[in-house]
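Now for the letters of each chain:
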Amino acid sequence: MIHLYAFVRGLHDLEAGLEVRHVGNVAAVTGTNDPDPLQHGLVVESLLDRADAVLPVRFGERFETEDDLATAVSTRLEALERQLDHVAGCVEVGVRIVPRREPVDDDDGAAYMRARLIEQRAAEEVHRVLAAQARDSVQTSRDAGYLVARSDVGAFSSAVGRLVESHPALDVLCTGPWAPYSFAGAT
Amino acid sequence: MSVAERRPALAEQVTLLDLVDRVLNKGVVVTGDITLAVADVDLVYVGLRLLLASAATLEREAAG
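Residues numbered from 1 in each chain as written. Chains lettered and ligands numbered in written order. Predicted model: local features only at pLDDT ≥ 70, side-chain atom pairs only at ≥ 80, totals over all residues.

Caption draft 1: Quick look at the sheet that holds strand β8 (residues 143-149) of chain A. Residue and element names in this part refer to chain A. Strand order across the open sheet formed by four strands is β7-β8-β6-β9, with antiparallel pairing between neighbours. Two strands in the sheet have a free side with no partner beyond their single neighbour: β7 (136-139) and β9 (170-178). On average, each strand axis in the sheet is inclined to that of its neighbour by 20°, with strand direction left out of account. Pairing of strand β6 (residues 90-99) with β9 involves seven bridges; the strand directions are antiparallel. Within β9, the residue paired with Val 95 across the bridge is Cys 174. The strands that helix α5 (residues 153-166) touches are β6, β8 and β9; relative to β9, the one it contacts most, it runs at about 170°. (Pairing = 2+ DSSP bridges. Helix = DSSP H or I, 4+ residues; strand = E, 2+ residues; numbered from the N terminus. Axes fitted to C-alpha atoms, helices over the stretch in contact; angles between N-to-C directions. Contact = placed C-beta atoms within 7 Å.)

This is how it looks when you write it as structure tokens:
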């Protein structure tokens with residue numbers, strides 16, 4: 001079986017046990033081992049230091065033969081190349097916003113709603129400021145992922161630090177840099 | 001100061017959970033239909049147990 005880890009561009013080194021298979025202009029990092037999700041994730045993260053662009057593949061993509069892999073990938077070459085262009089030179093920084101809940105009188109519905117509104121506005125402002133410094137961003141309710149050029153990660157995390165200082169009502173948890181999973185959508 | 005800076009052990013746990021969350025829920029899908037049955041459900045289960053064991057270890061180390 002062939003396990004698919006990621007698509008890459010500008011790969012200059014590969015750890016033992018992995019193989020690169022080319023389909024059209026796209027390079028796929030594969031292995032014939034049988035990793036668990038944690039191992040899969042660690043391999044993908046290790047590629048960040050070894051390639052210019054890393055497009056992570058979701059865990060569970062396994063193929064019987066090299067032909068099966070080529071058939072599945074060949075129908076998506078255009079989208080994969082576009083996504084590799086998009087994430088080239090970038091990593092993902094995750095930001096999770098956790099409101100520091102002040103106690104609110106349970107019986108006072110209006111006070112509760114006001115508190116939620118203040119949190120929501122603060123979170124939106126944090127996202128707006130950070131999104132302006134990133135190449136791309138995705139946001140769910142409390143989590144956001146930012147696509148940041150490697151050379152800008154320092155400046156980006158300083159910006160997160162300043163936002164933490166100016167928003168005492170929020171706890172901001174910053175994770176990464178990660179392989180850009182949030183920017184490797186289904187093709 | 002962020003949660004991460006105040007509690008390094010918590011941050012490591014969160015990061016480990018984030019990693020597995022990403023691996024299982026995000027990323028390119030080329031087959032269009034990921035069947036974990038192909039990869040064997042037991043495999044995922046073992047992987048998650050490993051993850052929980054690691055997080056528990058971190059917690060013990062933080063307390064110790």
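Caption draft 2: Looking closely at helix α3 (residues 77-87) of chain A. All names here are of chain A. Those residues of α3 not exposed but buried are Leu 80, Gln 83, Leu 84 and Val 87. Buried residues of α3, viewed axially, fall in a sector of 105°; they line one side. Across from the buried face of α3, at angles greater than 90 degrees, the exposed residues are Glu 78, Arg 82 and Asp 85. Along its buried surface, α3 packs onto β1 (2-9), β3 (26-31), β4 (53-56), β6 and β8. Where α3 ends, the next residue or the one after it, Gly 89, has phi of about 75°, a positive value. (Buried ≥ 20, exposed ≤ 12 C-beta atoms within 10 Å, placed from the backbone. Arc of directions from axis to C-beta.)

Caption draft 3: Structural detail: the packing of helix α4 (residues 109-131) of chain A against α5 of chain A. Residue and element names in this part refer to chain A. At their nearest, the axes of α4 and α5 sit 10 Å apart, and the two run at 155° to each other. Relative to α5, the element α4 is oriented roughly antiparallel. In this structure, the crossing between α4 and α5 has a hand that is right-handed. Contacts between α4 and α5 involve Val 126, Val 129 and Leu 130 on the former and, on the latter, Ala 159, Val 160 and Leu 163. Each residue belonging to the contact of α4 with α5 can be placed in one class, and the counts come to six nonpolar, no polar and no charged. (Parallel < 35°, antiparallel > 145°, perpendicular 65-115°, else oblique. Left-handed = near helix turned anticlockwise from the far one by under 90°. Nonpolar A, V, L, I, M, F, W, Y, C, P; charged D, E, K, R; others polar.)

Function-wise, these values are silent; they only describe arrangement.
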